[in-house]
Number of protein chains: 2
Amino acid sequence: MNIGEIAKRAGVSRSTVSYVLSGKRPVSDGTRQKIQRVIDELGYQPNASARALANGRTNTIGLVFPPAGNHYTGMQLDFIGNVVEAAAAKDYDVLLSPSGMDSDRSFQRLLGERRVDGAILMELRLQDDRFEHLNSVGLPAVAIGRTAHPENGWWVGLDHTALAEACVHHLADLGHRTIAFVNRPEQLLRAGYESAHRGLEGFTKAAAERGVTSRTYCCGDDASSGQACLERILYDEPATTALVTLNEAALGGLYRGLANAGRHVPRDFSVTGVVASRWAETVTPQLTAADVPAEQMGRLAVDLLVERLDHPDAPARHHLLAPPISLRASTGPAGTGPASTGPASTGPASTG
Amino acid sequence: MNIGEIAKRAGVSRSTVSYVLSGKRPVSDGTRQKIQRVIDELGYQPNASARALANGRTNTIGLVFPPAGNHYTGMQLDFIGNVVEAAAAKDYDVLLSPSGMDSDRSFQRLLGERRVDGAILMELRLQDDRFEHLNSVGLPAVAIGRTAHPENGWWVGLDHTALAEACVHHLADLGHRTIAFVNRPEQLLRAGYESAHRGLEGFTKAAAERGVTSRTYCCGDDASSGQACLERILYDEPATTALVTLNEAALGGLYRGLANAGRHVPRDFSVTGVVASRWAETVTPQLTAADVPAEQMGRLAVDLLVERLDHPDAPARHHLLAPPISLRASTGPAGTGPASTGPASTGPASTG
DNA sequence: ACCGGCTGTCGAACCGGTTCGCGTGAAGTG
DNA sequence: CACTTCACGCGAACCGGTTCGACAGCCGGT
């Protein structure tokens, strides 16, 4: 069932059917209805490849996300889901591309074969060569996150610096003097992950300002790494009474480590960080945290990209978000020290 | 840069370039190298839309997942990630389609506009009209899950009946006599979700066989619903000493409810169910559960679909998986009853 | 020297849409 | 009634690949 078949049955030419479909030229009421009736009867829908070939637009956007290790974190999931929904609402489909590292076949296909009209980049690095690749083939892109030089880019980002600072201030205001920072895995930090770097920067700066003792750790994206990391924290500095984390996947492990060490949250130890609310509410006690507004960010990213596609010469725009800290139940005033001793720390463990 | 440009620069015809690219006809070494050099210099990649139009294959598969409510569970995330990776390994791209309910635009686009060569269906219902829609347009599909009549279908499924039975037997072997079942949300059960129905069936059957007292509950896919559900369980039957759940998103809330009620896991109360290992390991104590092999399932689904695409007349195949229960730390022998009383149950709450 | 077969390449048609320029017939105007 | 104007629909070209039939040239065999 192609457009010629419709034209034949309606007794008109193919171009007239096309104009009925697109509305780009007026068609008389009589012909339009005749054609429309045939279309409805046959349930005709135009072939996407042919249309894309003819008018140069695929009505598809690419979502590029290098996997952090072998699995995805809850936050990535939230972004993916919300981007897909926002795109669907604007009649765009979403093509998923894993990896996106150089020489990655899937990413190359997306770009070179022009399967998509534009791309949304996740998991940004401070120096992100994906932008150059996209620019070199003229594909518009919007980032979720921002590079080291975001001035003239299209992106929607989270102010990790400010959020980490806010977490430190919150803890310092509660009287905590020794605070640990649990970052994403070292491999990602080394790769230049934006959130890891900016969060670390904000944490370090605020800790210095408030004169609190601090240590920073990298931690694998899973529960057992979190547990090991916490053991290490208490081994390195038993007087630690609070931590800030960006690593939502390790959160369960951090809590387990605290429980094993006999530190009660929030009485003996406070935990906070940057985590989407639905994950913050999964742990007990519920996590006081800056809520990552994944839905809003996904929607904004799609909005920006579609705007850019519709107006190729529009000036660059971006959104920098800094959600407030939601007070839940995982932070409290610094106590006089640990209430009791749990199992003695016997030594540090690898923290991924 | 199109194929004609390459042909011109190499001094050959367009068809010869095409044959170099596809290898479908022999080309002499000299010409091949001449063409290949031009291709490499210009970094030429053939246009995906044009190719799809010409040979009728998009090299894209659709992943159809009706959202359970407004967000995705960790298990869905795992499937999506693993399907995308498995597809990428076979040089297929993945197009995501939310909803997939009737009259859904995105789903209709996938089918009618032939954006994909085939589809993988997630979140199966016992009677799933998506199959009929797909069949009516001749699109091959593979399901993750199985309908009420899976005999001649292509699918990879989890034997939820057997898994739920195994959970009950495990608990009964430990001496538990009063067991609750925490299912997916009622809305999904009513919609005919396969896992919810088969899990419930297996639970009910095994509970009857073992003569244990049981109650079954539906529970929203979030932590607060889980907490409310647990309060309700203990209100309805305070003698309950164990539960089985399919609802991974509610798990954190169930644990919180138990902690609030003063029930220690596993001393006073045992918890088990069907949950992917990486989520089972997030909670404390770690969940004894039948591990959903999401990676394997994603890979198998892609393998089946690609096989079906390559051999349109191949006989239907499927894989029914029943992973064993991984013993972790959330189940133990039934005690003599709750060790102490937590906050008194004051009444049931809505459980979503 | 002639013929048959085989290789390697070409040209043209085709996939299913979109878009542009043009022709036609009806309506409006002096 | 002749002439412009306009609305409407048609045909052809095009997007960028793939594929098939044909043909040229070379080889070896008799």
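Since the structure is predicted, the reported quantities are computational estimates derived from the model, not experimental observations.

Caption draft 1: Representation of the pattern of salt bridges. Using the criterion set out here, one finds 52 salt bridges over all chains in the structure. A salt bridge links A:D117 to A:R57, with the nearest nitrogen and oxygen atoms 3.9 Å apart. A residue pair is termed long-range when its members are at least 10 positions apart, and A:D117 in the loop between α6 (105-112) and β3 (118-121) and A:R57 in the loop between α4 (48-55) and β1 (60-65) qualify at 60 residues. A relative accessible area of 9% means that A:D117 is categorised as buried. The salt bridge partner of B:R115 is B:E113, with a shortest N-O separation of 3.0 Å.

Caption draft 2: Examining the protein's contact with DNA strand C more closely. In the neighbourhood of DNA strand C, 28 residues make up the surrounding shell, with A:I3, A:S18, A:R25, B:T16 and B:T31 lying closest. Close to the protein, within 4 Å, the atoms of DNA strand C belong to sugar or phosphate groups at a rate of 49%. At a separation of 2.5 Å, a phosphate oxygen of DNA strand C approaches a polar backbone atom of A:I3. A:R51 places a side-chain nitrogen or oxygen 3.5 Å from a phosphate oxygen of DNA strand C. Mapped by element, the contributors of at least two residues to the surface near DNA strand C are α2 (14-22) and α4 of chain A together with α2 (14-22) and α4 (48-55) of chain B. Here the residues of the surface near DNA strand C sort into twelve nonpolar, ten polar and six charged.

Caption draft 3: Representation of helix α5 (residues 74-89) of chain B within the structure. Residue and element names in this part refer to chain B. Here α5 spans 23 Å end to end across 16 residues, near enough to the 22 Å set by a 1.5 Å rise per residue. The buried fraction of α5 amounts to 14 of the 16 residues, a majority that puts the element mostly inside the structure. Just beyond α5, the residue with positive phi is D91, at close to 60°.

Caption draft 4: Broad picture of the protein's contact with DNA strand D. Around DNA strand D lies a shell of 28 residues, among which A:T16, A:S28, A:T31, B:I3 and B:R25 are the nearest. The sugar-phosphate backbone supplies 49% of the atoms of DNA strand D found within 4 Å of the protein. Contact distances for DNA strand D include 3.4 Å between a phosphate oxygen and a side-chain N or O atom of B:N2. Between B:R25 and DNA strand D, the recorded distance is 2.4 Å, taken from a side-chain N or O atom to a base oxygen. Elements with a contribution of two residues or more to the surface near DNA strand D: α2 and α4 of chain A together with α2 and α4 of chain B. For the surface near DNA strand D, the per-class residue count stands at twelve nonpolar, ten polar and six charged.

The rules we used
- Residues numbered from 1 in each chain as written.
- Chains lettered and ligands numbered in written order.
- Predicted model: local features only at pLDDT ≥ 70, side-chain atom pairs only at ≥ 80, totals over all residues.
- Heavy atoms only, no water.
- Salt bridge = Lys/Arg side-chain N within 4 Å of Asp/Glu carboxyl O.
- Helix = DSSP H or I, 4+ residues; strand = E, 2+ residues; numbered from the N terminus.
- Buried < 20%, exposed > 50% of the residue type's maximum accessible area, 1.4 Å probe, protein only.
- Near = heavy atom within 4 Å.
- Polar contact = N/O pair within 3.5 Å; in protein donor to acceptor, adjacent residues only side chain to side chain.
- Nonpolar A, V, L, I, M, F, W, Y, C, P; charged D, E, K, R; others polar.
- Expected span 1.5 Å × (residues − 1).

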